[in-house]
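Each chain, letter by letter, is given below.
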Amino acid sequence: MTDVLDLVIRGGTVVTTDGTVRCDVGIRDGVITDLGASLGPAREVLDAVGRLVLPGGVDAHCHIDQVSSTGLVTADDFHSGGVSAACGGTTTIIPFAAQHRGQSLVQVVRDYAAKAAPKAFIDYAFHLIVSDPTPTVLHDELPQLIREGHPSLKVYLTYDRLRLTDDQVLQVLRVARREGAVTLFHAEHHEAIAWHIARLLDAGKTGPRWHAQARPESAEREATARACFLAETTGAPILIVHVSAGSPLDEIRRARRRGVHVLAETCPQYLVFTRDDLDKPGFEGAKWMFSPPARDAAAHAALWEGLADGTFDIFSSDHAPYRYDDPQGKKAHGEDAPFTKVPNGVPSLELRLPFLFSEGVKRGRLSLERFVALTSTNPARIYGLFPRKGAIAVGADADLALWDPEREVTVTHELLHDRMDYTPFEGMRLTGWPVTTVSRGEVVWHEGTVRGAPGRGRLLTRSPAAVDQ
Ligand code: DUC
Ligand code: ZN
Ligand code: ZN
């Protein structure tokens, strides 16, 4: 019988950016085919009474099986990262294909695609990282890759082995604009950071706690303003990733008022941690080391305001999993290594949605619709995946997260599914939890059980970025 559905999600409250409605969701061949009352018959029925039915999360910033510029590899691969994401209600990830100097950008993408394909648990796409914009990269490889369906790239304004000069950034933006790609910026002022680092190390200030002093908010503010200026000069759309505080956010608002196409992202770690978290006994503070660093309570307030008032377009994890006690992780150079040698990043792939739901929606800071926009629909739109992803609509992929809005959970590392040996969110009490996750019509996470084989996730090619929202 062809009119039997594969799966019906029955009796839930469906949430999209347009509002909430009580209805069933009917699924066939991995796609949403029906929305309405009393759908069926179906081979499988999921009772969603009392649940919110959300579009599966789209995490547009995470580092999976990525080789850093110093040769360290992040702890999660496309299987463990995908499982962890799915258990947190995310159904699509966009990690990076990271070029290091001297490498062919095309070959880098081929290599990441080859290691992802046999392991991927959920659907994925790649942002490019451009660290070596040679004439071949600019004239041939970047246009080719954008046309092949990778219309987003990240550039760095700091880090010795990654950063581009302003002149190189202008050249990259010119190509990105012409080809329809959006350029992500890691915005921190390189020379100012080097200046601070030299003084701190000269004074023997080498422990994790000095990381925040080496990378002050002013360095982020200046680089954010400059990135906006470079976008203004070229007319190219840009997105500032991992914004940590109010003053860079104000630069983004100012640039937008003059018509610059600049979008903004923040992440869980900037809303809850402060520079004091780095100041733990011994080496422990390394568990809270990421860049830009966490700031203070005033920054948290400014970021919440930006999430609520629409200044932020997306909320990503920036999952950069470096284990604590591991030669590929925080202790790669030993516990006595200066803070400059500690890899930057924290895990948060699985907690991104529960964190924002609990701290944002449950605390009355964000509406449910805004939550869905920030975590799913906007990243899908901006990065060329909508309406296949980020939507609950007939014809969209059946990627869904069923949410128990009242479940109370105390975060422990044991609860999570990544390959880390700690979570910086240990002990945090959250309300609201994803109890079931559906990926292209398959139930991949249900009440504590993971289902699905490695390799079931598909590489998504994308259309040019939609930035004029
Ligand atoms: N930038 C990121 O986006 N993630 C981890 C570290 C960094 O510098
Ligand atoms: Zn970055
Ligand atoms: Zn990152």
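Here, every reference points to the structure presented above.
In this text the structure is predicted, and so the values were computed from the model without any measurement. Sequence order as written defines residue numbering, which begins from 1 separately in each chain. As they are written, the chains are lettered A onward and the ligands numbered 1 onward, keeping that order. The predicted nature of this model means local features are confined to residues of pLDDT at least 70 and side-chain atom pairs, given and counted, to a pLDDT of 80 or more, with totals for whole chains, interfaces and linings taken over all residues. Hydrogens are left out, water is left out, and the side-chain values use all remaining heavy atoms of the structure.

A. The overall build of the chain, seen in detail. Check the secondary structure of the chain and you find twelve helices and 21 strands. The globule rule puts the C-alpha radius of gyration for 469 residues at 23 Å, and the 21 Å found for the chain is close to it. Each principal axis of the C-alpha atoms in the chain carries an extent, and together these give about 75 × 50 × 45 Å. Burial analysis of the chain (469 residues in total) assigns 62% to the buried set. Note on areas: Shrake-Rupley, 1.4 Å probe, and residue coverage restricted to the protein chains presented here. Total accessible area on the chain stands at roughly 16700 Å², and carbon and sulfur atoms take up 49% of it. Working convention for charge: Lys and Arg count positive, Asp and Glu count negative, and His plus the chain ends are omitted. Every charge is mapped onto a representative atom, which is NZ of Lys, CZ of Arg, CG of Asp or CD of Glu. Averaged over its 51 positive side-chain charges, the chain has a centre that lies 2 Å from the centre of its 60 negative ones. A run of DSSP states H or I qualifies as a helix once it reaches four residues; a run of E qualifies as a strand once it reaches two. Both are numbered from the N-terminal end. For the radius of gyration, the atom set is restricted to C-alpha positions; the globular benchmark scales as 2.2 Å times the number of residues to the power 0.38. Accessible area is worked out with a 1.4 Å probe on protein chains only. A residue is then buried under 20% of its type maximum, exposed over 50%, and partly exposed in between.

B. A look at the side chain of Ser-348. With respect to the element layout, Ser-348 can be found in the loop between β17 (314-315) and α11 (352-362). A relative accessible area of 3% means that Ser-348 is categorised as buried. Only heavy atoms enter the contact rule, under which two residues are in contact if any of them lie within 4.5 Å. If we ignore the near neighbours within four places in the chain, the residues touching Ser-348 are Pro-268, Gln-269, Ser-317, His-319 and Phe-425.

C. How the structure looks around the coordination of the zinc ion (ligand 2). Note on donors: an N, O or S atom is included if it sits within 2.8 Å of the metal, or within 3.2 Å for Na, K and Ca, and water is never included, so sites can look incomplete. For the zinc ion (ligand 2), every protein donor is listed as Lys-154 (NZ), His-186 (ND1) and His-242 (NE2), and the spread of their distances is 2.1 to 2.3 Å. If you look at the zinc ion (ligand 2) and the zinc ion (ligand 3), they sit 4.4 Å from each other. Of this pair, Lys-154 sits in strand β13 (residues 152-156) while His-186 is found in strand β14 (residues 182-186), placing the two residues 32 residues apart along the sequence. His-186 shares its class with Lys-154; the two are buried.

D. Seen up close, the side chain of His-190. Looking at where His-190 falls in the secondary structure, it is placed in helix α5 (residues 190-202). Its relative accessible area of 11% is what places His-190 among the buried residues. Within polar-contact distance, the side chain of His-190 engages the side chain of Thr-158 at 2.9 Å. Leaving out residues up to four positions away in the same chain, His-190 has contacts with Leu-157, Thr-158, Tyr-159, Asp-160 and Arg-163. Counting of polar contacts relies on pairs of N or O atoms within 3.5 Å, with two restrictions inside protein: one atom must be capable of donating a hydrogen and the other of accepting it, and residues adjacent in sequence are counted only when both atoms are side-chain atoms.

E. Layout of the site of ligand 1. Any residue with a non-hydrogen atom lying within 4 Å of a molecule or strand is treated as near it. Neighbouring ligand 1 are His-61, His-63, Lys-154, Tyr-159, His-186, His-242, Ser-291, Asp-318, Ala-320 and Asn-344. For ligand 1, an oxygen atom lies 2.5 Å from a polar atom in the side chain of Tyr-159. Side-chain polar atom of Asp-318 to a nitrogen atom of ligand 1: 2.9 Å apart, as the coordinates give it. In isolation ligand 1 offers 240 Å² of accessible surface; the protein chains occlude 93% of this area. Here the shell around ligand 1 is built from residues that sort into two nonpolar, six polar and two charged. For this scheme, ten residues count as nonpolar: Ala, Val, Leu, Ile, Met, Phe, Trp, Tyr, Cys and Pro. Four count as charged, namely Asp, Glu, Lys and Arg, and the remainder, Gly too, count as polar.

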